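Structural overview
Given next are the chains, with one letter for each unit.
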Protein chains: 2
Amino acid sequence: MNEPNLDQLFNPQRIALVGVSATPFKWGSIIPLNILKGHYKGSIFPVNPGLERVLGHKCYPSVQEIPGPVDIALVFTPAPTVPQIVEQCGEKGIPFLVIITADFSETGPEGAALEKRVIKIARKHGLRLVGPNSMGIYSAQTELHALMPPTMPLKGQVSMFSQSGNVGVQMLAWGADEGIGFEKFVSSGNEGDLDSADYLAYLGEDENTRVILAYMEGLGSDLDLYPVARAASLKKPVLLFKGGRTRTGGKAAASHSGAIAGSNRIFSSAMHQAGVIQIQTSQAMMDCAKAFSNLPLPQGNRIGILTRGGGWGVITSDACEESGLSVPPLPEELIKKIDPFLPSYWSRGNPVDMVATISHDPFLECIEILTNWEDIDAVIALGAVRATMKFPFSDKVTGPPEVLGAIETALEFRKAMTAQPDAILGGIKKLIDRTGKPIVAVSTGPDSLHRETLRDYQVVSYPTPERAVSVMAHMVDYAAFKGQNERPTSNIEH
Amino acid sequence: MNEPNLDQLFNPQRIALVGVSATPFKWGSIIPLNILKGHYKGSIFPVNPGLERVLGHKCYPSVQEIPGPVDIALVFTPAPTVPQIVEQCGEKGIPFLVIITADFSETGPEGAALEKRVIKIARKHGLRLVGPNSMGIYSAQTELHALMPPTMPLKGQVSMFSQSGNVGVQMLAWGADEGIGFEKFVSSGNEGDLDSADYLAYLGEDENTRVILAYMEGLGSDLDLYPVARAASLKKPVLLFKGGRTRTGGKAAASHSGAIAGSNRIFSSAMHQAGVIQIQTSQAMMDCAKAFSNLPLPQGNRIGILTRGGGWGVITSDACEESGLSVPPLPEELIKKIDPFLPSYWSRGNPVDMVATISHDPFLECIEILTNWEDIDAVIALGAVRATMKFPFSDKVTGPPEVLGAIETALEFRKAMTAQPDAILGGIKKLIDRTGKPIVAVSTGPDSLHRETLRDYQVVSYPTPERAVSVMAHMVDYAAFKGQNERPTSNIEH
C-alpha cells in the first residue's frame with residue numbers, strides 16, 4: 001500500500017465514539033471524558049444503541065445514524081463485535097478507525113484470527129486502522145486527548161509512536177513534568193494495519209514535528225523500516241528506544257505484543273546506518289527529547305566546560321571522554337582573557353573551574369568566552385541555576401541579636417542568589433541564538449526546577465553532568481550523520 | 001603511622017573556631033553560623049584577637065586562652081598564618097585540626113611548600129590534620145554541621161569521605177532530597193595528612209556506619225588503599241566514585257586537587273579484587289546509597305519482575321540481561337497460583353504482567369508469590385505507587401450535570417488510588433522483613449514521592465526500572481564478593 005496521509009487521523013474534525021459507556025471506569029467512559037476534559041476542538045458523536053444521551057451529548061444507535069461525514073471512529077466495544085463495527089464504519093465511509101479494544105493477536109491464535117478478519121474487512125473498504133489494542137491518540141493542533149489515562153501533555157514539537165501504550169503515555173506524562181511539549185502521539189497497539197513504518201514516514205514529513213520519538217518491540221517490518229527511517233532521519237532526529245534488545249527482553253516482548261524481536265545486532269546496525277539515534281534507557285529518551293527539541297545541533301564533538309567546583313569538572317571530563325567527546329585545552333589567549341575576573345588560583349584550563357566564585361558576572365562572561373571560542377562546538381555549564389546554594393535559614397534559630405542579624409544578612413544573600421537565573425539563564429539563551437552553538441546547563445535540583453528553567457528561559461538543564469554529556473554525545477552523533485549526508489556526493493559518484 | 005582513632009574528630013565535645021569573623025559571607029562567619037544553625041550538641045570557642053564577642057559567644061584572642069581542653073580546631077585564617085596556628089594548637093594539646101583555608105598544594109609549588117611546613121609542625125606535636133582546603137565535616141551523633149554550604153543532611157547510616165568538597169556536599173544535599181540519611185562526612189581536601197585510606201579504615205570499623213561512600217581523584221595512596229579497602233568491604237559496602245578515570249578527567253583532576261590519577265585500569269582492578277563497588281555516575285552513587293543502606297543483600301542474581309504494563313516489563317528484562325541479571329521462567333505451579341486473580345490474558349511468565357489490572361489486592365498477592373518463589377533472589381515491582389494514575393480532574397470543566405457527575409466519580413476513584421500506597425508499600429516492607437529478600441519499587445513521579453515512600457514505608461523506589469536494575473546488579477556483585485569470602489577456605493588451603 002502507498003504511504004497513507006494521516007492528517008485526517010491526527011486532526012479529525014468529527015469523531016465517532018463507538019461503544020461509549022455511561023458506567024464509570026470503563027474505557028468507553030474514561031476516554032470520552034478525557035476528550036472532553038482536553039477541550040477537543042472538533043465534534044464528538046457518541047454511539048451506543050442502549051443510550052439516549054451520554055456525557056451531555058446525544059447518543060446515536062450506530063455510526064450510520066450520525067449526520068454528515070465522520071473523520072475517525074474510536075472503538076471501545078468488546079472484541080467479538082469489532083468486525084461488525086468495522087463493516088458499518090466502512091459503509092459509512094469513515095477513513096480511519098482507532099481500535100482501543102484488546103483481546104486480539106496479543107492474546108493468542110484465536111485473537112489473531114479475529115484480528116485478521118477485522119483487517120480484511122477494513123481493506124475491503126479502504127479503511128485504515130490504528131491498533132487494535134491501542135491506548136489512543138493525542139494531537140496538539142485539535143487538542144485531541146483520546147487516551148486511556150488522563151494525561152494532559154504539554155503542547156510542543158515532539159511527536160511519538162509507541163508499540164507500548166504504557167511506555168508512550170508515561171513519556172507524555174514525564175514530558176509534562178519536565179517541560180517537553182508534544183505535537184502528536186499514537187499508541188500503535190498490535191499494528192494490525194498501520195505500523196511503525198507508516199507513522200515514521202508520516203511524522204518525518206509532518207511540518208509541525210521537530211523531533212520523533214519511537215518505542216518499538218517488533219521487527220516484523222525491519223526491511224521496510226530502513227528507507228523510511230533514513231528519509232525521516234535526514235529531515236529531523238528520530239530517537240528510537242528499542243524494547244526486546246536482549247534474549248530476556250525479547251521473550252518478554254513476545255508475550256507482550258507478540259512481537260518477534262529478531263536479531264537486534266542486525267537491526268541496530270541498520271538503524272545506525274539510517275541515522276536513527278538509538279537510546280538505551282527511558283530516562284535518556286526524555287533527556288534527549290528535551291535537548292533535540294530545544295537546541296541547535298553541535299557542529300563537532302569539542303566541548304567547553306564551565307564549573308564552580310573542581311570535582312564536578314573532573315566528573316564531566318571523564319564522562320566526555322567515555323562518550324567520545326573531546327575537551328580541548330584552553331588556548332593562552334583565552335586564559336589571559338579570563339584571568340582578570342577570576343581568583344588567581346582558577347584552573348587556567350578547560351574545564352574552566354571558577355573555584356567557588358559566587359557572583360554572576362564572571363559566570364556569564366566565562367560562558368560567553370567559551371561559546372565564542374572557535375575550537376568549541378558546545379558548552380556544558382555547571383551550576384547555572386545553583387539550586388544547591390539555597391540557604392535554608394528560614395527555620396527558627398534562637399540566639400542573641402547578633403546571631404539573628406547574621407542570619408538576616410544570609411537571607412538577603414539568598415534573595416540575591418535567586419535573582420541569578422534572570423541574569424545567567426537569559427544570557428545563555430541569547431548566546432545560543434547568536435552563536436548557533438548548543439549550551440546545556442547543569443543544576444542540581446528537582447524536576448520542577450528544570451521545567452521552569454525551560455519554560456521561563458528556554459534553557460535546557462539536567463540535574464547531573466553525566467546526563468548532559470550523554471545527551472550531547474547523541475547530538476554530536478546525529479549532527480555527524482546529517483553533516484555526512486548534506487555534503488555534495490557528486491565527486492564520489494563520478 | 002598507625003591508624004588514627006577519629007572518634008574525637010567526628011564527635012568532638014569542644015571546638016575552637018580559629019579565625020572566626022564578624023563579616024558576613026566569609027567562611028569564618030558562614031561555617032560557625034552553620035554550626036549554630038545545626039544545633040551542635042557541644043561547645044564552641046571562637047578565636048580572633050580582634051573581637052570581644054561574636055555570634056553571641058565570647059571570643060578568645062588565641063587557642064591558648066581557651067579554658068580547658070579542646071577536641072578539634074577549625075581553621076579559617078589566611079594560608080600564611082596557618083603554620084603559627086598549628087604551632088599554637090599543638091602547644092595547647094589539641095589532637096585534631098580541620099583546615100578550611102585554601103591556597104596550599106592545590107595552587108602550585110609555593111602552596112605545596114607551605115603545606116609541607118604545616119604538616120611538619122603538626123607531626124612534631126602528634127597533631128592530625130583534615131585538609132587543608134577542606135569544606136568541613138559533619139557528624140550526626142553530635143549534630144555537627146561544620147560545613148561551608150548550609151546543607152542540613154538527614155541523619156542516617158551512610159558515611160562519606162570526599163576529595164572534592166563540592167561533590168561531597170552535593171551528595172549530602174541530594175540525600176536530604178531523596179531520603180538518604182548520613183552519619184558522618186568529611187571533605188578531605190588536599191589530604192596533606194589524614195588521607196582517604198585513614199578515613200576508609202576508620203569508617204570500616206565505625207559501628208554507626210552501615211554504608212561507605214567515597215569520592216576520590218588521587219591515587220597516591222593506592223598501594224595502602226588495597227588492604228584497607230578489602231577489610232572495610234568485608235564488613236560493609238564501600239561505594240567508590242572515582243574521578244579522573246580517563247585521560248581527560250585525569251588532566252582536570254591534576255589542576256583541581258593536584259592528584260595524580262595513575263593507571264585507572266590497575267586501580268580499578270585492585271578495587272574490584274578488594275570488593276569495592278565501583279560507581280560510574282553521580283546519580284548511580286545516590287541510587288546505590290539508598291538501596292545498600294535500606295535493603296538486605298540478594299543471595300543471587302535471579303530477579304522476579306512484576307509490572308502493570310507489558311512494555312515496561314520488556315524494558316526491565318532488557319536492562320536485567322544487559323546488567324548480568326537473570327530473569328528465570330515462571331514455573332507452572334506459580335502460573336496456576338496467579339491464574340485465579342489476574343485476567344485470563346496475563347503474561348503467564350516472568351515478568352508477571354498484570355495487564356492493567358488496577359486494584360490493589362492482586363498486586364500485593366503477586367509480589368508475595370514472586371518473593372516467596374525459591375528460585376528468585378530479588379523482586380522489582382513496577383507501579384507500586386502508581387504516580388502516573390493521578391487524575392488531574394480538579395481543573396475546571398464546564399458541561400451539563402452528567403459530565404460533572406462523571407468527573408466527580410473520577411475524583412473519588414483518584415482518592416481510592418492514592419490510598420493504595422498504604423496497602424502495597426506496607427505489604428512490601430513486611431515481605432522484605434519476613435523473607436530477607438530485597439524488593440525494589442519503581443514508581444514514576446518526582447523525587448519527593450520517593451523520599452516519602454522511603455520515609456513513610458521504608459520502601460526503596462526509583463523513577464525508572466533501569467535505575468532499579470542497575471542498583472540491583474551492584475548489590476548482586478557485592479553479595480557475591482561477600483559470599484565468596486564468607487565460605488570456609490580451609491579445603492582450598494589444605
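Residues numbered from 1 in each chain as written. Chains lettered and ligands numbered in written order. Predicted model: local features only at pLDDT ≥ 70, side-chain atom pairs only at ≥ 80, totals over all residues. Heavy atoms only, no water.

**Considerations on the overall build of chain A**
When you go through chain A residue by residue, the secondary structure sums to 18 helices and 19 strands. The burial tally for chain A puts 61% of its 494 residues in the buried class. Considering only contacts in chain A between residues 6 or more positions apart, those separated by 24 or more positions represent 75%. (Helix = DSSP H or I, 4+ residues; strand = E, 2+ residues; numbered from the N terminus. Buried < 20%, exposed > 50% of the residue type's maximum accessible area, 1.4 Å probe, protein only. Contact = heavy atoms within 4.5 Å.)

**Quick look at empty space enclosed by the protein**
In total, this model carries 6 cavities of 30 Å³ or more according to the counting rule given. For the largest cavity, the calculated volume is near 370 Å³. Residue lining of the largest cavity: 25 residues in total, with D447 and R467 of chain A together with Q283, D447 and R467 of chain B positioned closest to the centre. Looking at the lining of the largest cavity, the elements with two or more residues in it are helix 5 (165-178) and helix 10 (282-294) of chain A together with helix 5 (165-178) and helix 10 (282-294) of chain B. Partitioned by chemical class, the residues of the lining of the largest cavity number 8 nonpolar, 7 polar and 10 charged. (1 Å grid on protein atoms, 1.4 Å probe; cavity = no way out; pocket = protein on both sides within 12 Å on 5 of 7 lines; lining within 4 Å. Points joined across faces, edges and corners; volume = space filled by probe spheres on them. Nonpolar A, V, L, I, M, F, W, Y, C, P; charged D, E, K, R; others polar.)

**Describing the sheet that holds strand 16 (residues 352-353) of chain B**
Spatial ordering of the open sheet is given by 16-15-17-18-19 (chain B), a layout of 5 strands whose pairing is parallel. The open sheet has two free edges, formed respectively by strand 16 and strand 19 (461-462) of chain B, since each of these has just one partner strand. (Pairing = 2+ DSSP bridges.)

**Topic: the confidence of the model for chain A**
Note that predicted coordinates carrying low pLDDT should not be read in detail. Residue and element names in this part refer to chain A. Scored by pLDDT, chain A comes out at a mean of 89, with 87% of its residues at no less than 70. Confidence over residues 490-494 falls short of pLDDT 50; this stretch has 0 contacts with residues more than four positions distant or in other chains. With pTM at 0.93, the complex prediction returns an ipTM value of 0.93. (pLDDT = per-residue confidence, 0-100.)

**As for the nonpolar core**
When a protein is soluble and globular, its nonpolar side chains tend to lie buried together. Judged by nonpolar contacts, the single largest core of 265 residues is most densely connected at L9 and L239 of chain A together with L9 and L239 of chain B. Leave out the neighbours within four places in its chain, and L239 of chain B touches V211, I212, L213, A214, I277, I279, M285, C288, A289 and F292 of chain B. (Core = buried A, V, L, I, M, F, W, Y, C linked by side-chain atoms within 4.5 Å.)

**Here's the deal with the packing of helix 5 of chain A against helix 11 (residues 310-322) of chain B**
Direction vectors running N to C along helix 5 of chain A and helix 11 of chain B enclose 90°, while the axes themselves pass 7 Å from each other. Judged by the angle between their axes, helix 5 of chain A and helix 11 of chain B are roughly perpendicular. Between helix 5 of chain A and helix 11 of chain B, the contacting residues are N166, V167, Q170 and W174 of chain A on the first element and G310, G311, W312 and I315 of chain B on the second. Broken down by class, the residue content of the contact of helix 5 of chain A with helix 11 of chain B amounts to 4 nonpolar, 4 polar and no charged. (Axes fitted to C-alpha atoms, helices over the stretch in contact; angles between N-to-C directions. Parallel < 35°, antiparallel > 145°, perpendicular 65-115°, else oblique.)

**Some remarks on the pairing of strand 9 (residues 144-147) of chain B**
Residues and elements named next belong to chain B. Going residue by residue along strand 9, you find L144 and A146 tucked away on one face and H145 and L147 tucked away on the opposite face as well. Where strand 8 (residues 136-139) lies against strand 9, 4 bridges are found, and the strand directions are antiparallel. Along strand 9, the bridge assignment pairs Y138 with H145. Remark: 4 residues form the turn of the hairpin made by strand 8 and strand 9, two consecutive strands paired antiparallel; E143 in that turn has positive phi of roughly 50°.

**Some remarks on the environment of A381 of chain A**
All names here are of chain A. Mapped onto the fold, A381 is located in strand 17 (residues 378-382). Taking relative accessible area as the criterion, A381 reaches 0% and is therefore assigned buried. Counting along the chain gives 212 residues from A381 to V169, while the straight-line C-alpha distance between them is 32 Å. Every residue in contact with A381, bar those within four places of it in the chain, is listed here: L306, F363, I367, V440, A441 and V442.

**Examining the packing of aromatic side chains**
Given two aromatic rings, one states the distance between the centres and the angle between the planes to describe the pair. All told, the structure shown has 14 aromatic pairs over all chains when counted by the stated rule. Residues Y215 of chain A and F241 of chain A carry aromatic rings whose centres are separated by 5.7 Å and whose planes lie at 65° to one another, so their mutual orientation is edge-to-face. Taken together, the residues span a long stretch of sequence, with Y215 of chain A in strand 12 (residues 211-216) and F241 of chain A in strand 13 (residues 238-242) at a distance of 26 residues. Residue classification places Y215 of chain A among the buried residues on the basis of a relative accessible area of 0%. Given a relative accessible area of 0%, F241 of chain A falls into the buried group. Ring geometry for W312 of chain A and W174 of chain B: centres 5.7 Å apart, planes at 80°, overall edge-to-face. Of this pair, W312 of chain A sits in helix 11 (residues 310-322) while W174 of chain B sits in helix 5, placing the two residues on different chains. W174 of chain B shares its class with W312 of chain A; the two are buried. Among the aromatic residues, those joined into a cluster by ring pairs are F292, Y478 and F481 of chain A. In this structure, K242 of chain A is placed above the aromatic ring of F267 of chain A, and the distance from its NZ or CZ to the ring centre is 5.8 Å. (Phe/Tyr/Trp six-rings, centres within 6.5 Å; stacked < 30°, edge-to-face > 60°. Lys NZ or Arg CZ within 6 Å of the ring centre and 35° of its normal.)

**Describing the sheet that holds strand 5 (residues 72-75) of chain A**
Residue and element names in this part refer to chain A. Taken in spatial order, the 5 strands make up an open sheet running 2-1-5-6-7, and their pairing is parallel. The two strands at the open ends of the sheet, each matched to only one other strand, are strand 2 (43-47) and strand 7 (128-130). Taken pair by pair, the neighbouring strands of this sheet meet at an average axis angle of 20°, ignoring direction. Relative to strand 6 (residues 96-99), strand 5 is paired through 4 bridges, and the arrangement is parallel.

**Points about the side chain of D198 of chain B**
Mapping D198 of chain B onto the fold places it in helix 6 (residues 196-205). The residues contacting D198 of chain B, other than those within four sequence positions of it, are P4, L6, R128 and D193 of chain B.

**Some points on the pairing of strand 10 (residues 155-162) of chain A**
Residues and elements named next belong to chain A. Where strand 10 meets strand 11 (residues 182-187), 6 bridges bridge the pair, whose relative direction is parallel. Paired with M160 across the bridge in strand 11 is F185. Of the crossover connections in this fold, the one passing from strand 10 over helix 5 to the parallel strand 11 is right-handed. Across 5 bridges, strand 10 lies against strand 12 in parallel orientation. (Right-handed = clockwise from strand over helix to strand, strands pointing away.)

**Details of helix 3 (residues 82-92) of chain A**
An α-helical turn contains 3.6 residues, so a residue and the one three or four places further along point in the same direction. Taken together, the buried positions of helix 3 of chain A are occupied by V82, P83, I85, V86, Q88, C89 and G90 of chain A. One or two positions beyond helix 3 of chain A, positive phi appears at G93 of chain A, with a value near 85°.

**Comments concerning the side chain of N34 of chain B**
Residue and element names in this part refer to chain B. If you trace the backbone, N34 turns up in helix 2 (residues 27-37). The exposure class assigned to N34 is buried, which follows from its relative accessible area of 1%. A polar atom in the side chain of N34 sits 2.9 Å from the backbone oxygen of L147. There is a polar contact of 3.2 Å between the side chain of N34 and the backbone oxygen of P149. (Polar contact = N/O pair within 3.5 Å; in protein donor to acceptor, adjacent residues only side chain to side chain.)

**Description of the pattern of salt bridges**
Within this structure, the stated rule accounts for 31 salt bridges over all chains. One salt bridge in this structure joins R128 of chain A and D198 of chain A, with 4.0 Å as the shortest N-O distance. Taken as a pair, R128 of chain A in strand 7 and D198 of chain A in helix 6 (residues 196-205) lie far apart in primary sequence, 70 residues in all. Across the pair D377 of chain B and R302 of chain B runs a salt bridge whose closest N-O atoms are separated by 2.8 Å. (Salt bridge = Lys/Arg side-chain N within 4 Å of Asp/Glu carboxyl O.)

**Digging into helix 2 (residues 27-37) of chain A**
Residues and elements named next belong to chain A. The element helix 2 is largely enclosed, with a buried count of 9 among its 11 residues. Among all positions of helix 2, only G28, S29, I30, I31, P32, L33, N34, I35 and K37 are buried. Count one or two residues on from helix 2 and you reach H39, which has phi positive near 60°.

**Describing unusual backbone geometry**
Residues and elements named next belong to chain A. A cis geometry characterises the amide bond from G131 onward to P132, with omega recorded as 0°. Counting through the fold element by element, P132 comes out in the loop between strand 7 and strand 8 (136-139). Of note, E143 is a non-glycine position whose phi angle comes to about 50°, a positive value.

**A word on the state of the cysteines**
All names here are of chain B. Taken as a whole, this structure holds 0 disulfides over all chains when the rule is applied. Left unpaired, C288 is separated from the closest cysteine sulfur, that of C320, by 14 Å. Using a relative accessible area of 0% as the deciding quantity, one classes C288 as buried. (Disulfide = S-S within 2.5 Å.)

**Some words on the environment of T464 of chain A**
Positionally, T464 of chain A belongs in the loop between strand 19 (461-462) and helix 17 (465-486). When the C-alpha positions of T464 of chain A and G131 of chain A are compared, they lie 38 Å apart, and in sequence the two are 333 residues distant. Setting aside residues up to four positions removed in sequence, T464 of chain A forms contacts with V442 of chain A together with W174, S282 and Q283 of chain B.

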